Amino acid sequence: MKNFVLITSVINTPQKPLSYCKTRSIYSREERFLQLKQTISSIREKIIDVFIFLVECTELTDEENYFLNKNCDYVMNLWKDPSLHSNIFSRSKSLGEGSMTIYCLDYIIKNNITFENFFKISGRYYLNDNFNYNNIISYPNVVVKIQNDPDNINTSLYKLSFNHILEFKQFLLNSITRMIKCEGYEVIFASFVNTLNELTYFEKIGVSGLIAVSGDIINT
């Protein structure tokens, strides 16, 4: 396996506010599931030799469960551990994202999974026509700055070298307090990537999606 893709997803969002918005998602469960299908389809279409690892936190229907297990290589459903719900459904979006990522990285490490490239994409986002696979894998670590600010990194899609998996997991564990305080995940993630020697900023990385709280379209 050359490419490992983590998808973080919550198909069925609870009616609980985030720290910065009362509405967690304007999209229904059915809409979010359709959008997640597009995420998976775009990965299969645009990334070769890929292992898709979905981290979900929803009590899945039979239809959802069947589709996801058929079209992903591994589905980790954190809904099955109620002790994690308080993190994933808290007011802190970064705590939810961070927790899901930590569990994925822990699985990789414990199961001695090896690959070259680690991609992370947010569920409901998809790889668009600007995604250039051959270009992105030419660089060890690829991110996109938000408003050209190196201390604010887009986390809807990024790529890291496998060599940084251990340190990335430890960094996230060390950042739990920042997440609990509702610090933006984009800012927290920037603190990590700015420590990497080989870091490439793309102006456009090739991902699109709809912001859950507003419906605004993102093309990055």
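The rules behind these values
Residues numbered from 1 in each chain as written. Predicted model: local features only at pLDDT ≥ 70, side-chain atom pairs only at ≥ 80, totals over all residues. Heavy atoms only, no water. Buried < 20%, exposed > 50% of the residue type's maximum accessible area, 1.4 Å probe, protein only. Helix = DSSP H or I, 4+ residues; strand = E, 2+ residues; numbered from the N terminus. Arc of directions from axis to C-beta. Contact = heavy atoms within 4.5 Å. Polar contact = N/O pair within 3.5 Å; in protein donor to acceptor, adjacent residues only side chain to side chain. Core = buried A, V, L, I, M, F, W, Y, C linked by side-chain atoms within 4.5 Å. Axes fitted to C-alpha atoms, helices over the stretch in contact; angles between N-to-C directions. Parallel < 35°, antiparallel > 145°, perpendicular 65-115°, else oblique. Nonpolar A, V, L, I, M, F, W, Y, C, P; charged D, E, K, R; others polar. Expected span 1.5 Å × (residues − 1). Pairing = 2+ DSSP bridges. Phe/Tyr/Trp six-rings, centres within 6.5 Å; stacked < 30°, edge-to-face > 60°. Lys NZ or Arg CZ within 6 Å of the ring centre and 35° of its normal.

(A) Broad picture of helix H6 (residues 165-174). For H6, the complete set of buried residues consists of Ile165, Phe168, Lys169, Phe171 and Leu172. For H6, the arc enclosing every buried residue in end-on projection is 160 degrees, short of the 170-degree limit, so these residues lie on one face. Facing away from the buried side of H6, by more than 90 degrees, are the exposed residues Leu166 and Asn174. Residues of H6 that are buried sit in contact with helix H4 (93-110), strand S4 (117-122), strand S9 (157-161), helix H7 (176-180) and helix H8 (185-193).

(B) Region of the structure containing the side chain of His85. As for its placement among the helices and strands, His85 is situated in helix H3 (residues 85-88). A relative accessible area of 17% places His85 in the buried class. Here the side chain of His85 touches Trp79 through a polar contact of 2.9 Å, landing on its backbone oxygen. Apart from the residues lying within four places of it in its own chain, the contact partners of His85 are Cys57, Leu78, Trp79 and Ser90.

(C) Seen up close, unusual backbone geometry. Phi is positive for Arg124, close to 85 degrees, though the residue is something other than glycine. Turning to its location among the elements, Arg124 is positioned in the loop between S4 and strand S5 (126-127). When its relative accessible area of 7% is taken as the criterion, Arg124 is described as buried. For Cys182, which is not glycine, the phi dihedral falls at a positive 65 degrees. Checked against the element boundaries, Cys182 lands in the loop between H7 and H8.

(D) Up close: the nonpolar core. Grouped together as the largest cluster of nonpolar side chains are 36 residues, with contacts concentrated most on Phe4, Ile108, Phe118 and Phe168. Mapped by element, the contributors of at least two residues to this core are strand S1 (3-9), strand S2 (50-56), H4, S9, H6 and H8. Among residues more than four places away in sequence, those in contact with Ile108 are Phe4, Ile113, Phe115, Phe118, Phe162 and Ile165. The next biggest cluster of nonpolar side chains, apart from the first, holds 28 residues, and it includes Ile7, Val50, Leu68 and Ile136.

(E) Looking closely at the packing of helix H1 (residues 29-46) against helix H2 (residues 62-71). Between H1 and H2, the least distance of the axes is 11 Å, while the angle of their chain directions is 10 degrees. It follows that H1 is roughly parallel to H2 by the angle criterion. Between H1 and H2, the contacting residues are Arg29, Phe33, Leu36, Lys37, Ile40 and Arg44 on the first element and Glu63, Glu64, Phe67, Leu68 and Asn71 on the second. When its residues are assigned to classes, the contact of H1 with H2 shows five nonpolar, one polar and five charged.

(F) Structural view of H4. With 18 residues, H4 should reach 26 Å at 1.5 Å per residue; the first-to-last C-alpha distance of 26 Å fits that figure. Phi for Asn112, located one or two positions after H4, is positive at around 55 degrees.

(G) Looking closely at the environment of Val10. As for its position among the elements, Val10 is in the loop between S1 and H1. With 191 residues separating them in the primary sequence, Val10 and Tyr201 have C-alpha atoms 28 Å apart. Setting aside residues no more than four positions away along its own chain, Val10 makes contact with Arg32, Glu56, Cys57, Thr58, Ile88, Phe89 and Met100.

(H) Local environment of the sheet that holds S5. Strand order in the open sheet made by the three strands is S5-S11-S12, with antiparallel pairing throughout. Where the open sheet ends on each side, the last strands, each with one partner, are S5 and strand S12 (217-219). When S5 meets strand S11 (residues 207-210), the two strands line up antiparallel, connected through two bridges. The residue bridging Tyr126 from the neighbouring strand is Ser208, located in S11.

(I) The packing of aromatic side chains, seen in detail. Scanning all chains against the criterion turns up 18 aromatic pairs. Ring geometry for Phe53 and Tyr107: centres 5.3 Å apart, planes at 55 degrees, overall tilted. Placement of Phe53 in strand S2 and of Tyr107 in helix H4 is noted, with a sequence separation of 54 residues between them. Classification of Phe53 as buried rests on a relative accessible area of 0%. With 4.6 Å between their ring centres and 35 degrees between their planes, Tyr74 and Tyr107 make a pair best called tilted. Highlighted residues: Tyr74 in strand S3 (residues 74-77) and Tyr107 in helix H4, separated in sequence by 33 residues. The cationic tip of Lys145 hangs over the ring face of Tyr201; the distance from NZ or CZ to the ring centre is 4.5 Å.

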